Structure formats: C-alpha cells, structure tokens
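# Structure at a glance
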Amino acid sequence: MAEQTHVLFVEDDDVIREATQLALERVGFAVTAMPDGLSGLEAFRARQPDIALLDVMVPGLDGVSLCRRIRDESTVPVIMLSARADSIDVVLGLEAGADDYVTKPFDGAVLVARIRAVLRRFGHAGGVRADADPAAVDGGVLSFGDLEVDTEGMEVRRAGHPVALTPTEMRLLLEFSSAPGTVLSRDKLLERVWDYGWGGDTRVVDVHVQRLRTKIGQDRIETVRGFGYKLKA
C-alpha cells in the first residue's frame, strides 16, 4: 500500500479547518491541522509533512512569517491561502517562499487539484525539455556566462559557487535554460512550471522570476515588455 501524502494545514477558522481536513482526508491525504502559526511550526518540525497549506491570517505567527520560517529550514512545497485575490498578502507570501496560493473561499476539488499539481512538479523536479538544443548541453551541464545548470544532478553554480534553489525555482530555470534567448510568456510558464491547465495569476510567475534573479543575477533573465521573459544566452 502506498504511503499517504502528509499535509500540514494551518487555519484558525474552526469550520474551515475541520471541513477542509475532512475533504482532504476523503481523497486519501493524511492531514495535520493546526489553529495558529506557532503550533503549525511545531507540527512542521515534528511531522515533516510533504506539503504545507498556510492561511495568511492566523494568530501567533502569521502565515507569511510561518512560510518564511519553513523556507529557512526546508524546500517542502508551500501553498498560501488568502481571503482576497488582490491582497498584498498574496505577493508577500510568494516573496516569503510560497510556491502557489489559493483564494478563499475555495472549492474543495480546486484545492485538491492544486495540491496534486504542486506535488507532481516537486516529484519530477527536472530534466531538460525534449526540444532543448543538444549542442548546448555538455554532459548535462548548461553554461550561460558564469552560470552553470547541471540538469542531471539538479545543481546550479554561479561563478563556481553553489546556488540553492527551491524545486519550483529549479523548474523555472530549467524552462529558461532549455530555450535560451527565446521569450517565454507568463501563460506558458504557468502551464509548464505550475502545471496549470487553466488560467492562473501571473503574479506567481513574476515573483518567482524576481526570486530567481536575486540568486542567479539580476541581468540574467530579461523582461520583454508585453510578452514575457527570456534567459540571456
């Protein structure tokens, strides 16, 4: 029997917490549900879940701060839950290291689909795309100036020094490095990296690109206004 995927769910609203826990358990997830950020952090350290769902507005330690603490210790996927799609908290959560977010109130089936999409890309974090230029690959290592991307070992080095990326950042870099100089639209990146078969919020892409730039060099990924982004060859 396959081992259950363990979800940490931090939500202070009793009704939402209990209903969501039941919905997730009904489709086969094991769920640890906590009512505040501090107990959520303790549960994360004790249980080592496969994915964390964090409401932005929880007492004690808010969801954004909790996400930041988790990201300091782990690359486990994090989905933020926010009550407003236009909230600044969405961007703050993504900047803190969240991989995705879901707007409340949410449909249980949508949440499950989003969780499974995140888990799929974390379970298959890499590999050069089939249409990548084989001439650009040297033993699985792609080079762009002082930036080296090892597509087999899933490692990145800048000027010889290792660069720590989350799985989502790594997938994003792999998409860029598979087609250097080619403009990739935000919608295409949402489809390829976030596994969205439907429209998504492009802020997810923008924030992750900015996070990636801080790690591999601000000028390495170019913004093509009105179209998307491209990696400078």
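Here is what the cut-offs are and how they apply
Residues numbered from 1 in each chain as written. Predicted model: local features only at pLDDT ≥ 70, side-chain atom pairs only at ≥ 80, totals over all residues. Heavy atoms only, no water. Buried < 20%, exposed > 50% of the residue type's maximum accessible area, 1.4 Å probe, protein only. Helix = DSSP H or I, 4+ residues; strand = E, 2+ residues; numbered from the N terminus. Pairing = 2+ DSSP bridges. Salt bridge = Lys/Arg side-chain N within 4 Å of Asp/Glu carboxyl O. Core = buried A, V, L, I, M, F, W, Y, C linked by side-chain atoms within 4.5 Å. Contact = heavy atoms within 4.5 Å. Polar contact = N/O pair within 3.5 Å; in protein donor to acceptor, adjacent residues only side chain to side chain. pLDDT = per-residue confidence, 0-100. Arc of directions from axis to C-beta.

## Regarding the pairing of strand S1 (residues 6-10)
By the criterion of burial, S1 is predominantly enclosed, with 5 of the 5 residues buried. A two-sided burial pattern is seen for S1, the buried positions comprising His6, Leu8 and Val10 on one face and Val7 and Phe9 on the other. As judged from the 5 bridges shared by S1 and strand S2 (residues 30-34), these two strands associate in the parallel manner. Bridging from a neighbouring strand, Val7 pairs with Val31 of S2. As paired elements, S1 and strand S3 (residues 51-55) share 4 bridges and run parallel to each other. The partner of Phe9 across the bridge, within S3, is Leu53.

## Side note on the pattern of salt bridges
Side chains that differ in charge, positive against negative, can pair when their charged atoms come close. In this structure the tally under the stated criterion is 13 salt bridges. Put simply, Lys215 and Glu169 hold a salt bridge, and the shortest N to O gap is 2.8 Å. In this pair, Lys215 sits in helix H8 (residues 203-216) while Glu169 sits in helix H6 (residues 167-178), placing the two residues 46 residues apart along the sequence. The class of Lys215 is partly exposed, set by a relative accessible area of 28%. One salt bridge in this structure joins Asp206 and Arg186, with 2.7 Å as the shortest N-O distance. Within this pair, whereas Asp206 is found in helix H8, its partner Arg186 is found in helix H7 (residues 186-193), the two being separated by 20 residues in sequence. Judged by its relative accessible area of 26%, Asp206 falls in the partly exposed class.

## Side note on the pairing of strand S11 (residues 221-224)
Summarising the sheet, S11 and strand S12 (residues 228-231) pair through 4 bridges and their orientation is antiparallel. Within S12, the position partnered with Thr223 by the bridge is Tyr229.

## Digging into the nonpolar core
With 51 residues, the main nonpolar core has Leu54, Met80, Val149 and Phe176 as its most contacted residues. At 6 residues, the largest contribution of residues to this core is made by H8. Not counting the four nearest positions on each side in its chain, Met80 is found in contact with Leu54, Val56, Gly63, Val64, Cys67, Gly93, Ala98, Asp100, Tyr101 and Val102. By size, the runner-up hydrophobic cluster in this structure holds 15 residues, among which are Val102, Val112, Ile115 and Val118.

## Some thoughts on the side chain of Ser177
Assignment of secondary structure puts Ser177 in helix H6. Here Leu174 takes part through its backbone oxygen, which lies 3.2 Å from a polar atom of the side chain of Ser177. Sequence-distant contacts of Ser177, defined by excluding residues within four places in its chain, comprise Leu142, Phe144, Val149 and Leu231.

## Observations concerning the confidence of the model for the protein
Of all residues in the protein, 89% have pLDDT values of 70 or greater, and the mean over the chain is 86. When the criterion is pLDDT under 50, residues 124-138 qualifies, and its contacts beyond four places in sequence or with other chains add up to 19 contacts.

## Description of helix H3 (residues 63-73)
Count 3.6 residues to each turn of an α-helix, and residues three or four apart come out pointing the same way. All of the buried residues along H3 are Gly63, Val64, Leu66, Cys67, Ile70 and Arg71. In a view along the axis of H3, the buried residues occupy a sector of 160°, so they form one face of it. Buried residues along H3 sit against S1, helix H2 (37-47), S3, strand S4 (78-82) and helix H4 (88-95).

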